[in-house]
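So you can see what is in the structure, the chains are spelled out below.
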Amino acid sequence: MPFAAVGSSLHPISAGEIQALKSLPKATQITVKKALQGSTTDLARLIDYIPTSNASRFGYLAPIFHAALDSVQVPNYINPDTIPAIMRAKWALLGLVKISTVAPLTPDSGEDTVTKYIVRRWNDIYPWMRFFARNCLPPPYDVSLAPPRPDLCSVFDAGKMCISPLTVICTRSEEGRHLLRSSVSVQHYIAQLWILVGNIRGDVLPGDPGTTSEGFIPMLRTSWALTNFVCVSESEDPDKATLPLSNYIHAAGGVKPVVITLLKYIRRITRDAAAVEEPRSWTTRDKSVELLHLYTTGLKYSFLFLQTISRQDASCRAQLIRQGSIRTVADAIARISPKILVQANETLDFHPDMGLAERQNVLWSGYSYIASAIRDADDGVAGVCQAIDAGLLQTLTLAVICPAHANRRDHPPRGSMGDIELLFLLATFLIYHKVVQSIFRHWYFVQNFPKEKPGIRDKGLGIALELVLTSTIDAVKHRNVEPMNVHLYMCSGPGCSMHVSKFVSKKRRCSGCLISIYCSEKCQRTAWRNGHKKWCQALRCTIGPWGSREIRMSLQVIAGFETSSISGMVKEVETRVREAQRQFPDFIDTLVLMLDMTVYPPESHVLPVHKLEHFPGGNPIWPEIAAEIRQRCDSPPKGYMFSVVKVHLGNSTFTLFSPSTALRMAFEGQYFSDEAHSFVDDGKR
C-alpha cells in the first residue's frame, strides 16, 4: 500500500455506515465529507465535534477514523513524504480513543465500543500505538531526555494515543483483557510504559491543554494500576491460557525495577489522594468525591498487584519486603483513612461504587497484603516492625469509629476480615524483642487507648484491637521483668558474677546451645561438669533448630507469655490431658503440653513428645529432663512431662522447649542471686 499523500481520499465506507452518518448534525456531515476526501484538517476537526456526554450517536464516526488508518501504513522512516500519513494516523487514533471513552455503547447494536472499535481492530491500531510511543514519548528509564521526534505530536497527545486505549480495554472489555494477558508483545509494551509513567516527575505533560484541573499524569497513575493488575491476574475464563509473571518482569527490566516502580506509584497516588480538598457536598457529582474515588481505586488495584506478584514470585516477595513495601502500604492506609472513613449521607454511603463498603474494601486490600507479606516472609519480625512504625495501630483505631458496612447504619454487619486478621497476626509477633521495641516507641498511644469511642463503632474491630493492645502492654511488662535476660550479659559459670563489659578476652559462647556465654575456659568447663552438659540440649531446643537470633534475644518475653498463658488456661489444660490420655494410652508417660503461639489467642494441645513437629522428640534425654523438673519444681506439671511453645517468624515455624523452664533450670543461680539483682540496679542507676 503506498503512503497517503496530502489530499488523497480515504478508503470507502459501507452504504449502511454512510446512511448512519446522516443522523449527525449538518456541520458534522459536511466535515465528514471533506475528511473522506482526504482532508487531514477536517479529520482533526471531527474530534472536536464529539461531545463529552450523550455521545452515543457520534459512534457513527468510528468507521471514518478506521478508514483513515486503513489508508496508511506505519512507515519505516520519518521524512517529509511520510509525515502526512503519520498526521492522518494521529488524528484517527485520537478520534477512536475519544469515542471509546465517551460513548460506552455503539448506537446501532448496543455493543461495547471498546471491543468493537479497538480490540477487534487491534492489528490496525497497535502498530501505530507502538510507533508513537517509540518516537513521541521520552525513554522509559530516563524521562529527562526529549522524545526522538517531538515535532510529530506533543507528549500529552502521544500519552493519550498510547496509554488511554489500554485503560479503556481493562475497564470495559473482557475480550481485551484476555488480549493483555496472552500477548508477549503487548505485555512488553505495557511494562515499558508503566516504567515511563512511574518515572515522570510532576503532574503535567508537555502539550497538556489544561482541560483537566487534576492533571493527566495523576489520572494515568491510577488507571495504570488496573492495567498492570490485569496483565498479571488470572483470566475470567479458566480455559484461556495466560502468560507467566516472569514474562512481565523480564519486560520491565527485572524484579527490582518492578518493585521500586510499584512502590513509587503507591506513594504518589497516596500523595495525590491526601491533597484532595474536603468535599463540599459529599455527593457523587462533587469533584473531590470523584477524585477520592479515582485515587482510592488506583490504590486498591495497586494493593492487589502487590499481592499477586508477591504470591506468584518468591524473588518479588523478598524484594518487596527489602524495599519497605509493608511500611509503604501501612503509610498509605494511614494517610487516606481520614479521607475515606467518613459517614457522609445515606445516598453516598449506599452507592455501589463510591459507598462506604467500597471505600473500606480499599483499606482491607491493603491490610490483606500486609498480612500475607508478613506471613510469607522469611523475616516476619522486620515486616511487623515496619507496620507498627508506620502507625498501623493508630490507623486501626480510627477504623473503630466507622462501621464495617453501610447496609444497615444501626447494626452494620462485618464484611471482609482483613483488618482483624492482620491484628491477630501482629499479636503472634508480640513475643519478639524487636517488636516490643517498636511498640515502646508508640507507648503513649498504647497506654492511652480509649476504651469507648463516640458515634457508631465497628464493635468487632474494637474488641479485637482492645485485646491486642492489652497484649502489647503485657509484652512490655514481660520484657522489663527483673533481672532482664541475665544469660545475655553475665557469665554462665557457677558462682561467677562477671558481666560482659568486664570480660578480659572475647566472650565465649557455647557452640551447643548458643545461649550460655562464659568469661573464660575455666568457667565453661566448670559449668559443663555442674549440669550444663544435660541442659545444653534442652537450651538448644529452646531457640529452634536454626539457632534464630530473634528467638534467642526474645526468650524472656516468650517465657513471660508462656507462663501467663498456661496459668490462665488451667482447666483447659486438664481437659486436654484427659483427652490425650484416652487417645494415646500407650504414651501416657511421654505426653507434652504444646502452647501454640502462632495463632491468637494462643491454643493448647497435649501430644506425645515424638509426635511434635520440628522437635527432636526421639531424643532419650527428655525423660531425664522431665524427672529433674519434677524434682526441682515446687509445683511440677500434672499429667505431662513439660511444655513446649510453637512460634513462627513468618513462613518458618518452630517448636521450642519451654523457655520459662529452660531459663529457670539452666540459670537458676543467676536469676535469683544477689549479684544479678545488684547488677541490674547498677545498670538502672
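The coordinates are above.
Below: a short report on this structure. (Residues numbered from 1 in each chain as written. Predicted model: local features only at pLDDT ≥ 70, side-chain atom pairs only at ≥ 80, totals over all residues. Heavy atoms only, no water.)

**With respect to the pattern of salt bridges**
(1) Moving on: By the definition in use, this model includes 16 salt bridges.
(2) Moving on: Between aspartate 70 and arginine 121 there is a salt bridge whose closest N-O contact spans 3.0 Å. Residue aspartate 70 is located in helix α4 (residues 62–70), and its partner arginine 121 is located in the loop between α6 (113–117) and α7 (122–136); the two are separated by 51 residues in the primary sequence.
(3) Moving on: Aspartate 70 sits in the partly exposed class, given a relative accessible area of 24%.
(4) Moving on: Residue glutamate 358 is joined to lysine 300 by a salt bridge in which the shortest nitrogen-to-oxygen separation is 3.8 Å. A residue pair is termed long-range when its members are at least 10 positions apart, and glutamate 358 in helix α18 (residues 356–376) and lysine 300 in helix α14 (residues 287–312) qualify at 58 residues.
(5) Moving on: Through salt bridges with shared partners, one network takes in Lys534, Glu624, Glu628 and Arg632. (Salt bridge = Lys/Arg side-chain N within 4 Å of Asp/Glu carboxyl O. Helix = DSSP H or I, 4+ residues; strand = E, 2+ residues; numbered from the N terminus. Buried < 20%, exposed > 50% of the residue type's maximum accessible area, 1.4 Å probe, protein only.)

**Thoughts on the packing of helix α22 (residues 433–441) against helix α24 (residues 459–479)**
(1) Moving on: Where α22 meets α24, the closest approach of the two axes is 10 Å, and the angle between their N-to-C directions is 115°. In terms of their interaxial angle, α22 and α24 are classed as roughly perpendicular. Crossing of α22 against α24: the hand is left-handed. Taking contact as the criterion, the partners of His433, Val436, Gln437, Ile439 and Phe440 in α22 are, on α24, Thr472, Ala475, Val476 and Arg479.
(2) Moving on: The residue inventory of the contact of α22 with α24, partitioned by class, reads five nonpolar, three polar and one charged. (Axes fitted to C-alpha atoms, helices over the stretch in contact; angles between N-to-C directions. Parallel < 35°, antiparallel > 145°, perpendicular 65-115°, else oblique. Left-handed = near helix turned anticlockwise from the far one by under 90°. Contact = heavy atoms within 4.5 Å. Nonpolar A, V, L, I, M, F, W, Y, C, P; charged D, E, K, R; others polar.)

**Re the environment of arginine 88**
(1) Moving on: If you trace the backbone, arginine 88 turns up in helix α5 (residues 83–102).
(2) Moving on: The class of arginine 88 is buried, set by a relative accessible area of 3%.
(3) Moving on: Along the chain, arginine 88 and alanine 68 lie 20 residues apart, while their C-alpha atoms are 6.5 Å from each other.

**Focus on the side chain of arginine 181**
(1) Moving on: Tracing the backbone through its elements, the reader meets arginine 181 in helix α9 (residues 174–182).
(2) Moving on: What makes arginine 181 buried here is its relative accessible area of 3%.
(3) Moving on: Not counting residues up to four positions away in its chain, the partners in contact with arginine 181 are Gln187, Val230, Cys231, Ser233, Glu234, Ser235, Glu236, Thr242 and Leu243.

**Some words on the nonpolar core**
(1) Moving on: Within the largest apolar cluster, 215 residues are counted, with the highest numbers of intra-cluster contacts made by Ile370, Trp622, Phe642 and Phe657.
(2) Moving on: Ignoring any residue separated from it by four or fewer positions in sequence, one finds tryptophan 622 in contact with Ala538, Cys541, Val609, Phe615, Pro616, Gly617, Met641, Phe642 and Phe657. (Core = buried A, V, L, I, M, F, W, Y, C linked by side-chain atoms within 4.5 Å.)

**Some remarks on the pairing of strand β4 (residues 603–608)**
(1) Moving on: When strand β3 (residues 591–596) meets β4, the two strands line up antiparallel, connected through six bridges. Bridged to leucine 595 within β4 is serine 604.
(2) Moving on: Where β3 folds back on β4, the antiparallel hairpin that results is connected by six residues. (Pairing = 2+ DSSP bridges.)

**Observations concerning the pairing of strand β6 (residues 653–657)**
(1) Moving on: Burial within β6 is extensive, with four of its five residues counted as buried.
(2) Moving on: Where strand β5 (residues 643–648) and β6 come together, five bridges link them in antiparallel fashion. Opposite lysine 646, over in β6, you have threonine 655 as the bridge partner.
(3) Moving on: Here β5 hands over to β6 after four residues, with glycine 650 in that stretch at a positive phi of 125°.

**Concerning the packing of α24 against helix α28 (residues 555–567)**
(1) Moving on: Packing of α24 against α28 brings their axes to within 8 Å, and their N-to-C directions diverge by 120°. As far as their axial angle goes, α28 and α24 are oblique. α28 is crossed by α24, and the crossing has right-handed handedness. On the side of α24, the interface is formed by Ser471, Asp474, Ala475, His478 and Arg479, while α28 contributes Gln556, Val557, Gly560, Phe561 and Ser564.
(2) Moving on: Tallied by class, residues from the contact of α24 with α28 come to three nonpolar, five polar and two charged.

**Details of the sheet that holds β4**
Within a beta sheet, neighbouring strands are joined by backbone hydrogen bonds and run either parallel or antiparallel to one another.
(1) Moving on: The four strands are arranged β4-β3-β5-β6 in an open sheet whose pairing can be described as mixed. The open sheet is flanked by β4 and β6, the only strands paired with a single partner. Going from strand to strand, the sheet's axes swing by 30° on average, the running direction of each strand aside.

Read these as spatial facts, not as claims about activity.
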